[in-house]
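Given next are the chains, with one letter for each unit.
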Amino acid sequence: MSKILFMGTPDYATVIFDRLIKSQDYQVVGLFTQPDKKVGRKQVLTPPHIKQYCLDNSLTLPIFQPEKLRNNIEVVEIIKNLKVDFIIVAAYGQILPKEILELAPCINLHASILPKYRGASPIQESILNDDTYTGVTSMLMEEGLDSGDILAIEYLKLEDNMLVDEVFNKLSFIAANLTITTLDNFNKINPKKQNENEVSFCKKIKKEDGIVSFSCAKELHLKYKAYCYWPGVFLSSGLKLKQLYLEETFSTNKEGEILKIEKDFAIIACKKGSIKLCIVQAPSKKEVNITDYLRGKRLSIGDTIE
């Protein structure tokens, strides 16, 4: 039975980890994840999703949460002593240094069709670019950022109204299956070099990336689909757009004009196209139906929402 060291942090990683834990052919002998972090207004110290999974399921395997891996002799010794056959990495949050990469084959489950979208936010980037397909790549890790040789790829078709959390969920199960397939066939796989001419990168998402305007309905809808989970999409006034749909993309209008008001939604004009807006949230207020919000602001058809 092959021994596995797993390195991962969010729920995407947890699904893969769960599949390995329940496998009859692989033994997970250790978990590396990010340190606990203070969350929310009360700054409650909260474990990463994958650590909470271990606590909830009373798993007894050792959990390590180093602040950094680079130049950390203690971490290297810990991994050496575990005598692992493979290191599986999924959204861990740190780049593995050469000293760790040399200890065992390190396989990363990256949520894009490499070499597209190397970096921190591949799923959101794929949605923002209105890709038809996204997927998961299992790759042999090297010192570069997501630049290692490709072992296998699985694809997912992106449907029109598929939001980022649904894509994350679907890709996590694809990644879990791909992990087992890659491990089962590891000695038969011929790793494939990435095409450097097709490389693109994506950055870590910041809160200000969620700022939107009513300039283009299609772009606004794509941003909503990519960022609705976090950081959300919001106007410069701070009004959060909590639920919206693309109405059409061809009309030319005055930005933010209210075109139609119904019981559960309003049609809001963009300079190009329009959106169907259902739920909003003003700063420091609760979510409300758009119709109630407009009534409270004494706004009607022909007025602008901003």
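Residues numbered from 1 in each chain as written. Predicted model: local features only at pLDDT ≥ 70, side-chain atom pairs only at ≥ 80, totals over all residues. Heavy atoms only, no water.

Q: Explain the sheet that holds strand 9 (residues 133–140) to me, and be specific about the residues and the numbers.
A: Strand order in this open sheet of seven strands is 5-2-1-6-7-9-10, and the pairing throughout is mixed. Two strands lie at the open edges of the sheet, namely strand 5 (63–64) and strand 10 (150–157), each paired on one side alone. Inspection of the sheet shows strand 1 (residues 2–8) paired to strand 6 (residues 86–90) by five bridges, in the parallel sense. Directly across from Leu 5, in strand 6, lies its bridge partner Ile 87. (Pairing = 2+ DSSP bridges. Helix = DSSP H or I, 4+ residues; strand = E, 2+ residues; numbered from the N terminus.)

Q: For unusual backbone geometry, give the residues involved together with the corresponding values.
A: Between Leu 114 and the following residue, Pro 115, the backbone shows a cis peptide bond with an omega angle of 15 degrees. Of note, Pro 115 is situated in the loop between strand 7 (106–110) and strand 8 (118–119). Here Trp 230 and Pro 231 are connected by a cis peptide whose omega angle stands at 5 degrees. Considering the arrangement of structural elements, one finds Pro 231 in the loop between helix 7 (217–227) and strand 12 (240–252). We note that Ser 58 has phi near 50 degrees; this positive angle belongs to a residue other than glycine. When you line up the elements, Ser 58 lands in the loop between helix 2 (49–56) and strand 5.

Q: Lay out the pattern of salt bridges in plain terms, naming residues and giving numbers.
A: Pairs may arise between side chains of opposite charge once their charged atoms sit close together. Summed over all chains, the structure comprises twelve salt bridges. Note that Asp 131 and Lys 116 form a salt bridge whose closest N and O atoms lie 3.6 Å from each other. A residue pair is termed long-range when its members are at least 10 positions apart, and Asp 131 in the loop between helix 5 (122–128) and strand 9 and Lys 116 in the loop between strand 7 and strand 8 qualify at 15 residues. According to the relative accessible area criterion, Asp 131 is buried, its value standing at 15%. (Salt bridge = Lys/Arg side-chain N within 4 Å of Asp/Glu carboxyl O. Buried < 20%, exposed > 50% of the residue type's maximum accessible area, 1.4 Å probe, protein only.)

Q: Describe in detail the packing of helix 1 (residues 11–21) against helix 2, supporting the description with residues and values.
A: For the pair helix 1 and helix 2, interaxial distance at closest approach is 8 Å and the crossing angle is 45 degrees. As summarised for this structure, helix 1 and helix 2 are arranged oblique, according to the angle between their axes. Taken together, the residues of helix 2 that come into contact with helix 1 (itself represented by Asp 11, Ala 13, Thr 14, Phe 17 and Asp 18) are His 49, Ile 50, Tyr 53 and Cys 54. For the contact of helix 1 with helix 2, a count of residues per class yields five nonpolar, two polar and two charged. (Axes fitted to C-alpha atoms, helices over the stretch in contact; angles between N-to-C directions. Parallel < 35°, antiparallel > 145°, perpendicular 65-115°, else oblique. Contact = heavy atoms within 4.5 Å. Nonpolar A, V, L, I, M, F, W, Y, C, P; charged D, E, K, R; others polar.)

Q: Mind laying out the nonpolar core, listing which residues take part and the relevant values?
A: Among the nonpolar cores identified, the biggest contains 64 residues, and Phe 6, Leu 109 and Leu 241 are the most heavily contacted of them. When sequence neighbours within four positions are dropped, the list of residues in contact with Phe 6 reads Ala 13, Ile 16, Phe 17, Leu 20, Val 28, Gly 30, Leu 31, Phe 32, Ile 50, Ile 88 and Ala 90. (Core = buried A, V, L, I, M, F, W, Y, C linked by side-chain atoms within 4.5 Å.)

Q: Quick one: what's the story with the packing of aromatic side chains, residue by residue and with numbers?
A: Within this structure, the stated rule accounts for four aromatic pairs. Ring geometry for Phe 86 versus Phe 186: centroids 5.1 Å apart, planes at 80 degrees, classification edge-to-face. Here Phe 186 lies in the loop between helix 6 (164–184) and strand 11 (201–202) and Phe 86 lies in strand 6, a separation of 100 residues in the sequence. Three or more aromatic residues joined by ring pairs make a cluster, and in this case those are Phe 6, Phe 17 and Tyr 53. (Phe/Tyr/Trp six-rings, centres within 6.5 Å; stacked < 30°, edge-to-face > 60°.)

Q: Got a sec to walk through helix 6? Specific residues and values, please.
A: Between its first and last C-alpha, helix 6 extends 30 Å over 21 residues, near the 30 Å set by a 1.5 Å rise per residue. Here helix 6 has its buried residues at Val 164, Val 167, Leu 171, Ser 172, Ile 174, Ala 175, Ala 176, Leu 178, Thr 179, Ile 180, Thr 182 and Leu 183. (Expected span 1.5 Å × (residues − 1).)

Q: Go over the packing of helix 1 against helix 6 with me, naming the residues and quoting the values.
A: One can describe the packing of helix 1 onto helix 6 by two numbers: an axis separation of 8 Å at closest approach and a directional angle of 40 degrees. For the pair helix 1 and helix 6, the sense of crossing is right-handed. Contact residues: helix 1 offers Tyr 12, Val 15, Ile 16, Arg 19 and Leu 20, while helix 6 offers Phe 168, Leu 171, Ser 172, Phe 173, Ala 175, Ala 176, Asn 177, Thr 179, Ile 180 and Leu 183. Residue composition of the contact of helix 1 with helix 6, by class: eleven nonpolar, three polar and one charged. (Left-handed = near helix turned anticlockwise from the far one by under 90°.)

Q: Residues and numbers for a negative patch on the surface, please.
A: On the surface, a cluster of negative charge is made up of Glu 159, Asp 160, Asp 165 and Glu 166. Along the chain, Asp 160 turns up in the loop between strand 10 and helix 6. (Patch = residues over 30% accessible without salt bridge, like charges linked within 9 Å, V, L, I, M, F, W, Y side chains within 5 Å. Areas by Shrake-Rupley, 256 points an atom, 1.4 Å probe, with all protein chains shown as cover. Lys, Arg positive; Asp, Glu negative; His and termini not counted. Charge placed at Lys NZ, Arg CZ, Asp CG, Glu CD.)

Q: Explain the pairing of strand 6 to me, using residue names and the numbers behind them.
A: Across the five residues of strand 6, five count as buried, placing the element largely inside the fold. Burial along strand 6 is two-sided: Phe 86, Ile 88 and Ala 90 and Ile 87 and Val 89, pointing in opposite directions, are all buried. Note: strand 6 against strand 7, three bridges, orientation parallel. Bridging from a neighbouring strand, Ile 88 pairs with Ile 107 of strand 7.

Q: So what's going on with helix 3 (residues 73–82)? Which residues, and what values?
A: Of the positions making up helix 3, those classed as buried are Val 75, Val 76, Ile 79 and Leu 82. The buried residues of helix 3 occupy an angular sector of 125 degrees when projected down its axis, which confines them to one face. Turned more than 90 degrees away from the buried face of helix 3 sit Ile 73, Glu 74 and Asn 81, all of them exposed. Contacts made by the buried residues of helix 3 are with strand 1, strand 2 (26–32), strand 5, strand 6 and helix 4 (98–101). Taking the backbone nitrogen of Glu 74 as reference, a side-chain oxygen 3.3 Å away marks Asn 72 as the first, capping residue of helix 3. (Arc of directions from axis to C-beta. Polar contact = N/O pair within 3.5 Å; in protein donor to acceptor, adjacent residues only side chain to side chain.)

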